[in-house]
Amino acid sequence: MSFNFKKKYGQNFLQDKTTINNIVDSINASVDDLIIEIGPGAGALTKSLVRKNSYLLAYEIDTDAFDYLSFLESDKVKVIYDDFLKRDILNDIKNINYKNLYIIGNLPYYITTPIITKIIESELNPKELVFMVQKEVAERFTAKVSTRDYGSISVFLNYYFDTKKLFVVDRKKFYPVPNVDSAVIKLTHKENQIPVDIEKFNKIIKDSFKFKRKNLKNNLKGYDLEKIASILDEHGLTLEHRAENLNYKVFVDIANKY
């Protein structure tokens, strides 16, 4: 491939057609839906997404990708050459009359969390997010309660989404070859979320996981432990438990009742 790869953008392009098709097939977008692709690069995924005949809006920070993407543009396909994190996404899509929103992309590990946070804070309310991320990141994002990888980010995402790791992608399927394997994850938007003060919710999560091997009694020393213990008791838990033993609903309850 003659593309001028730029390390600063974390560019590693997927070459394997079977994997590309599997990623595209993991979303059920129709002609009335909108797909946002983050970081199309040379357009390997984009070419397959176009075949769905959905509305497609791609964000590419690297203007050198123009030669690879411009021929894909049409009445239903548009590429914005800018940083996704700096855009007003709601404004970008305001004139598109779509039914459901899907967001897809191959994300560099260092901006994966900021991108997902921006999507949440922008109130885009996508039906599904399908991202290829570093394998270790995928394991943390989709970790279940009481497992080794379960942490504050797992809880945060579980409030908004049903999370699932779909499959692992060997590093040799990329060019240039990265140092680690990747994995494809699907985050499906949860309907009827329990209302909570998000700032309070996030603070309690972070404080609870401050020292992963310590129990709640030690990590929450600055709180009214009697009150916390009372809330935990309603869920059959105690201050001797670690944060990794609590599902997101317990943290929501603490945030709402504390």
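Per chain, the residues get numbers from 1 upward, laid out in the order the sequence is written. Under the rules for a predicted model, residues below a pLDDT of 70 receive no local features and side-chain atom pairs below 80 are neither given nor counted, while totals for whole chains, interfaces and linings still include all residues. The side-chain values count all of the structure's non-hydrogen atoms but skip hydrogen atoms and water molecules.

Draft legend 1. Structural detail: the overall build of the protein chain. We count a stretch as a helix when DSSP gives it H or I for four or more residues in a row; a strand needs E for two or more, and each element gets its number in order from the N terminus. Broken down by element type, the protein chain carries 11 helices and 9 strands. Values of the radius of gyration come from C-alpha atoms, whereas the globule rule sets the reference at 2.2 Å times the count of residues to the power 0.38. In terms of C-alpha radius of gyration, the protein chain reaches 20 Å, essentially the compact-globule figure of 18 Å for 258 residues. Taken along the three principal axes of its C-alpha coordinates, the protein chain extends 65 × 40 × 30 Å. Burial classes follow relative accessibility: with a 1.4 Å probe on protein chains only, a residue under 20% of its type's maximum area counts as buried, one over 50% as exposed, and anything between as partly exposed. Here the protein chain holds 258 residues, and 48% of them are scored as buried. Contacts are assigned to residue pairs that have any heavy atoms within 4.5 Å of one another. Of the contacts made within the protein chain by residues no fewer than 6 positions apart, 64% connect residues no fewer than 24 positions apart. Of the roughly 13300 Å² of accessible surface on the protein chain, 46% is carried by carbon and sulfur atoms. Reported accessibility uses the Shrake-Rupley method at a 1.4 Å probe radius. Residues are deemed covered only where the shown protein chains occlude them.

Draft legend 2. Representation of the nonpolar core within the structure. Ranked by size, the top nonpolar core spans 56 residues in total, and within it I36 and F131 carry the most contacts. Apart from the residues lying within four places of it in its own chain, the contact partners of F131 are I38, I103, I104, G105, L107, I115, I116, I119, A183, V184 and I185. Core analysis: the second largest hydrophobic core is formed by 18 residues, L14, I27, I104 and V130 among them. Here, nonpolar core means buried Ala, Val, Leu, Ile, Met, Phe, Trp, Tyr and Cys residues that are tied together by side-chain atoms lying within 4.5 Å of each other.

Draft legend 3. Inspection of the side chain of S182 at higher detail. Relative to the assigned elements, S182 resides in strand β9 (residues 182–189). Residue classification places S182 among the buried positions, given a relative accessible area of 9%. Leaving out residues up to four positions away in the same chain, S182 has contacts with M132, V133, Q134, K135, V168, V169 and F174.

Draft legend 4. Geometry of unusual backbone geometry. Phi angles above zero are rare outside glycine, and E123 is one such case at about 55 degrees. Tracing the backbone through its elements, the reader meets E123 in the loop between α5 (112–121) and β6 (128–134).

Draft legend 5. Geometry of the environment of D181. With respect to the helices and strands, D181 occurs in the loop between β8 (174–175) and β9. The class for D181 is buried, based on a relative accessible area of 19%. Separated by 86 residues in the primary sequence, D181 and N95 have C-alpha atoms spaced 38 Å apart. At 2.9 Å, the side chain of D181 forms a polar contact with the backbone nitrogen of R171. N or O atoms closer than or at 3.5 Å make up a polar contact, with two conditions inside protein: a donor-capable atom paired with an acceptor-capable one, and, for residues adjacent in sequence, both atoms drawn from side chains.

Draft legend 6. Highlighting the sheet that holds β6. Here 7 strands make up an open sheet; going across it, the order is β4-β3-β2-β5-β6-β9-β7 and the pairing mixed. With one partner strand each, in any of the chains shown, β4 (77–80) and β7 (161–169) form the two edges of the open sheet. With strand direction ignored, the average angle separating the axes of adjacent strands in the sheet is 15 degrees. Strands are treated as partners if at least two bridges between them are detected by DSSP. Here 7 bridges tie β6 to β9, and the two strands are oriented antiparallel to one another. From the neighbouring strand, F131 faces β9, where its bridge partner is I185. Structural elements are reduced to axes, namely lines fitted to C-alpha atoms, with helices fitted over the stretch in contact, and the angle between N-to-C directions of any two is expressed from 0 to 180 degrees. The strands touched by helix α7 (residues 152–160) within the sheet are β7 and β9, with β7 carrying the most contacts at an inclination of about 120 degrees.

Draft legend 7. View of the environment of V184. Here V184 lies in strand β9. Since its relative accessible area comes to 1%, V184 is described here as buried. It is 6.4 Å that separates the C-alpha atoms of V184 and V133, two residues lying 51 residues apart in sequence. Not counting residues within four places of it along the chain, the set of residues in contact with V184 comprises I23, V130, F131, M132, K164, K165, L166, F167 and V169.

Draft legend 8. The arrangement of helix α8 (residues 198–208) in detail. F201, N202, I204, I205, D207 and S208 are the residues of α8 that are buried. The elements touched by buried residues of α8 are α7, α9 (216–219) and α11 (248–257). With a side-chain oxygen positioned 3.1 Å from the backbone nitrogen of E199, the residue opening α8 is D197.

Draft legend 9. Summary view of the packing of α8 against α11. Axis separation between α8 and α11 bottoms out at 9 Å; the angle between their running directions is 120 degrees. For the crossing formed where α8 meets α11, the hand is right-handed. Contacts between α8 and α11 involve K200, F201, I204, I205 and S208 from the former and Y248, F251, V252, I254 and A255 from the latter. Across the contact of α8 with α11, the residue classes tally to 8 nonpolar, 1 polar and 1 charged. In this scheme the crossing of two helices becomes right-handed for a clockwise turn of the near helix relative to the far one and left-handed for an anticlockwise turn of less than a right angle. For this classification, Asp, Glu, Lys and Arg are treated as charged, while Ala, Val, Leu, Ile, Met, Phe, Trp, Tyr, Cys and Pro are nonpolar and the rest, including Gly, are polar.

Draft legend 10. Spotlight on helix α10 (residues 225–233). For α10, the full list of buried residues reads I228, I231 and L232. Down the axis of α10, the sector holding all buried residues measures 100 degrees, keeping them to one side. Along α10, the residues that are exposed and aim more than 90 degrees away from the buried face are E226 and D233. Contact partners of the buried residues in α10: α9 and α11. For α10, the N-terminal cap is D224; the gap from its side-chain oxygen to the backbone nitrogen of E226 is 3.1 Å. This arc describes the spread of directions from the helix axis toward the C-beta atoms.

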